[in-house]
Amino acid sequence: QQQQAAAPGVTMTGWLTKKNQRRFFVLAPPTLFWFAKEVPAAPPPDPRKAKNSCSLLGRAISRTPAATAADMARHRITVGASGKDKEYVLEAATRDELDAWLGAMQRAATGGGGGG
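This structure is a prediction, so every number in the text was calculated from the model and none was measured.

A.B. asks: Please explain the pattern of salt bridges as it appears in this structure.
C.D. replies: Oppositely charged side chains are able to pair whenever their charged atoms sit close together. Here the structure, examined in full by the defined rule, presents six salt bridges. Between Arg95 and Asp99 there is a salt bridge, with the nearest N and O atoms lying 3.6 Å from each other. Separated by four residues within a single helix, Arg95 and Asp99 lie in helix 1 (residues 95-109), roughly one turn from each other. Take Asp99: its relative accessible area is 31%, and that puts it in the partly exposed class. Each member of the salt-bridge network shares a partner with another, and the members are Arg63, Arg95 and Asp99.

Pasting the structure below:
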């Protein structure tokens, strides 16, 4: 379940799947952090404890096209490659979560922060 975060500078927090592993994601525009376990949104989490992070600024953020019929039921977001940062494919549990994350990440990629 995704949450609109109350901490200053944090737009969203919640669980997404990356490479078949559930990770807890924190969107603090323009940066997306991911953690092995849930972290509180307030105060903003310590980035040094993150498994990894990437800047979304200038990246293409889109729904991942379904390649097969089985993919139609999956709720995937593609974070396009940028410079030395590779492409990431993230999966939300539901269509509503996908839409919430997609909108927030697209705003972060274009320099718009703010909650949704």
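A.B. asks: Can you walk me through the pairing of strand 8 (residues 88-92) in this structure?
C.D. replies: Of all five residues in strand 8, four are buried, a share of seventy percent or more. In this structure, strand 2 (residues 12-18) lies alongside strand 8, joined through two bridges in antiparallel fashion. From the neighbouring strand, Thr17 faces strand 8, where its bridge partner is Glu91. In the sheet, strand 7 (residues 75-79) pairs with strand 8 via five bridges, with the strands oriented antiparallel.

A.B. asks: Would you mind showing me how to read the environment of Pro43 here?
C.D. replies: Along the chain, Pro43 turns up in the loop between strand 4 (31-35) and strand 5 (52-55). Sequence spacing of Pro43 and Val10 is 33 residues, and the spatial spacing of their C-alpha atoms is 9.3 Å.

A.B. asks: Would you mind showing me how to read the pairing of strand 3 (residues 21-28) here?
C.D. replies: In summary, the side chains of a regular strand alternate between the two faces of the sheet. The element strand 3 is largely enclosed, with a buried count of six among its eight residues. As judged from the seven bridges shared by strand 2 and strand 3, these two strands associate in the antiparallel manner. Bridge pairing in strand 3 links Thr17 to Arg22. Sheet topology note: the strand 3/strand 4 ladder contains five bridges and is antiparallel. Note on strand 4: the bridge partner recorded for Val26 is Phe33. The turn joining strand 3 and strand 4, which pair antiparallel and follow one another in sequence, is formed by two residues.

Reading the values: rules and limits
Numbers given to residues run from 1 along each chain, matching the order in which its sequence is written. At least 70 in pLDDT is required for a residue's local features to be given in this predicted model, at least 80 for side-chain atom pairs to be given and counted, and no such filter applies to totals for whole chains, interfaces and linings, which use all residues. Hydrogens and water are ignored here; the side-chain numbers use all heavy atoms of the structure. In the sections that follow, a salt bridge refers to a side-chain nitrogen of Lys or Arg positioned within 4 Å of a carboxyl oxygen of Asp or Glu. Under the DSSP-based scheme used, a helix requires at least four consecutive residues in state H or I and a strand at least two consecutive residues in state E, with every element numbered from the N terminus. Type-normalised accessible area, obtained with a 1.4 Å probe on protein chains alone, sets the label of each residue: buried when under 20%, exposed when over 50%, and partly exposed for intermediate values. Think of it this way: DSSP has to see at least two bridges between two strands before they count as a pair.

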